[in-house]
Amino acid sequence: MVRLARPRPGHFDLGTGYHGDLWLDLDALFLRPSRLRPHVRWLGERLREHAVDAVCGPLEGGAFLAYAVADLLGVVFLAGYRSPGEATGYHLPAVHGGIGGWRVAVVDDAVNAGTAVAACLEELRGRGAVPVAVAALMALGEASAMVPARLGVPFYPASTVPSRAWPAGRCPLCAHGIPYTDPVPPPEGGPTA
Ligand SMILES: [Zn+2]
């Protein structure tokens, strides 16, 4: 499944205040939803055990998955919208009657530094909901250990991908003067990573 995202090694600005050594084409990942169906089912089975009332996913990719998982489980879907003007903030839509006390799982496509997932958990707790689990198609680098340790909820990655990420100011690739890699994949028929 990781291959669906056409992983490319190099030096990338991940756009979340972090630099990393791996680029995933997450648009390619969502190109054919039927290919993701077995993975959506896997995520759903993990979250079913937590008796969730809702599944929340940050836009863009996480929300696509959360919508599919919520459909599978017959529970509420909550989109995490980026808060304008904030690099990492997310907000939830208004729900009639509120979501206080709801058991909510957060789903994302790829979890690297975990900024989007952490922001969604914070927003859910701020609205009185109880985050009970995080699930993702892919955990990059240290995420498998970092999410449960730092965010205080169990984490279910369907796959793990070795990679490293650093806060932009402490990026060793920048320190060594390594130029950014173009994340655009080579043309069809060219060499692939
Ligand atoms: Zn860098």
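Everything discussed here concerns the structure shown above.
Residues numbered from 1 in each chain as written. Predicted model: local features only at pLDDT ≥ 70, side-chain atom pairs only at ≥ 80, totals over all residues. Heavy atoms only, no water.

Participant: Help me out: how do you make sense of the coordination of the zinc ion in this one?
Facilitator: Four donors placed tetrahedrally about a metal ideally form angles of 109.5 degrees, and six donors placed octahedrally ideally form angles of 90 or 180 degrees. Taken together, His 11 (NE2), His 19 (ND1), Cys 171 (SG) and Cys 174 (SG) make up the full set of protein donors to the zinc ion, lying 2.1 to 2.4 Å away. Seen from the zinc ion, its four donor atoms lie at angles of 96 to 116 degrees, and the figure they make is tetrahedral. Donor residues for the zinc ion, ordered by position in the chain, follow H-x7-H-x151-C-x2-C. Remark: Cys 171 occurs in the loop between strand 10 (165-167) and helix 6 (172-175) and His 19 occurs in strand 2 (residues 18-23); sequence separation between them is 152 residues. You can call Cys 171 buried: its relative accessible area is 3%. (Donors = N, O, S within 2.8 Å, 3.2 Å for Na, K, Ca; no water. Tetrahedral: all angles 85-135°; square planar, octahedral: opposite > 155°, others 65-115°. Helix = DSSP H or I, 4+ residues; strand = E, 2+ residues; numbered from the N terminus. Buried < 20%, exposed > 50% of the residue type's maximum accessible area, 1.4 Å probe, protein only.)

Participant: Explanation requested: the environment of Ala 79 in the structure shown.
Facilitator: Within the secondary structure, Ala 79 sits in strand 4 (residues 76-82). Other than its neighbours up to four places away in sequence, Ala 79 contacts Gly 57, His 91, Leu 92 and Pro 93. (Contact = heavy atoms within 4.5 Å.)

Participant: Sorry if this is basic, but what is going on with the pairing of strand 3 (residues 54-58) here?
Facilitator: Within a regular beta strand, the side chains point alternately toward one face of the sheet and then the other, so they alternate between its two faces. Along strand 3, five of the five residues are buried, which leaves the element largely enclosed by surrounding structure. Residues Ala 54, Cys 56 and Pro 58 line one face of strand 3 and the alternating positions Val 55 and Gly 57 line the opposite face, and both faces are buried. Relative to strand 4, strand 3 runs parallel, the two sharing five bridges. In the strand pairing of strand 4, Ala 54 is matched with Val 76. (Pairing = 2+ DSSP bridges.)

Participant: I would appreciate a short explanation of the nonpolar core in the present structure.
Facilitator: If you look at soluble globular proteins, the nonpolar side chains tend to sit buried side by side. One finds Leu 47, Val 55, Val 107 and Met 138 to be the most contacted residues of the largest nonpolar core, which totals 28 residues. When contributions to this core are tallied by element, the ones reaching two or more residues are helix 2 (33-48), helix 3 (61-73), strand 6 (103-111) and strand 7 (130-140). Aside from chain neighbours lying at most four places away, what touches Val 55 is Ala 66, Val 69, Ala 70, Leu 73, Val 75, Val 76, Phe 77, Leu 78, Ala 105 and Val 107. Counting 25 residues, the second-largest nonpolar core is a separate cluster that includes Leu 92, Ile 99, Cys 120 and Phe 155. (Core = buried A, V, L, I, M, F, W, Y, C linked by side-chain atoms within 4.5 Å.)

Participant: Help me out: how do you make sense of the side chain of Ser 163 in this one?
Facilitator: Its place among the elements puts Ser 163 in the loop between strand 9 (160-161) and strand 10. Under the relative-accessibility criterion, Ser 163 is labelled buried at 11%. Beyond its immediate sequence surroundings of up to four residues, Ser 163 is in contact with Asp 21, Leu 22, Asn 112, Leu 140 and Gly 141.

Participant: Help me understand the pattern of salt bridges in this model?
Facilitator: Side-chain pairs of opposite charge can arise whenever the charged atoms involved come near each other. Taken as a whole, this structure holds four salt bridges when the rule is applied. With its nearest N and O atoms 3.2 Å apart, the salt bridge here joins Asp 21 to Arg 164. With a gap of 143 residues between them, Asp 21 in strand 2 and Arg 164 in the loop between strand 9 and strand 10 connect regions that are remote in the sequence. Relative accessible area serves as the criterion here: at 15%, Asp 21 is assigned to the buried category. Between Glu 123 and Arg 127 there is a salt bridge whose closest N-O contact spans 3.5 Å. (Salt bridge = Lys/Arg side-chain N within 4 Å of Asp/Glu carboxyl O.)

What is shown is where atoms sit, not what they do.
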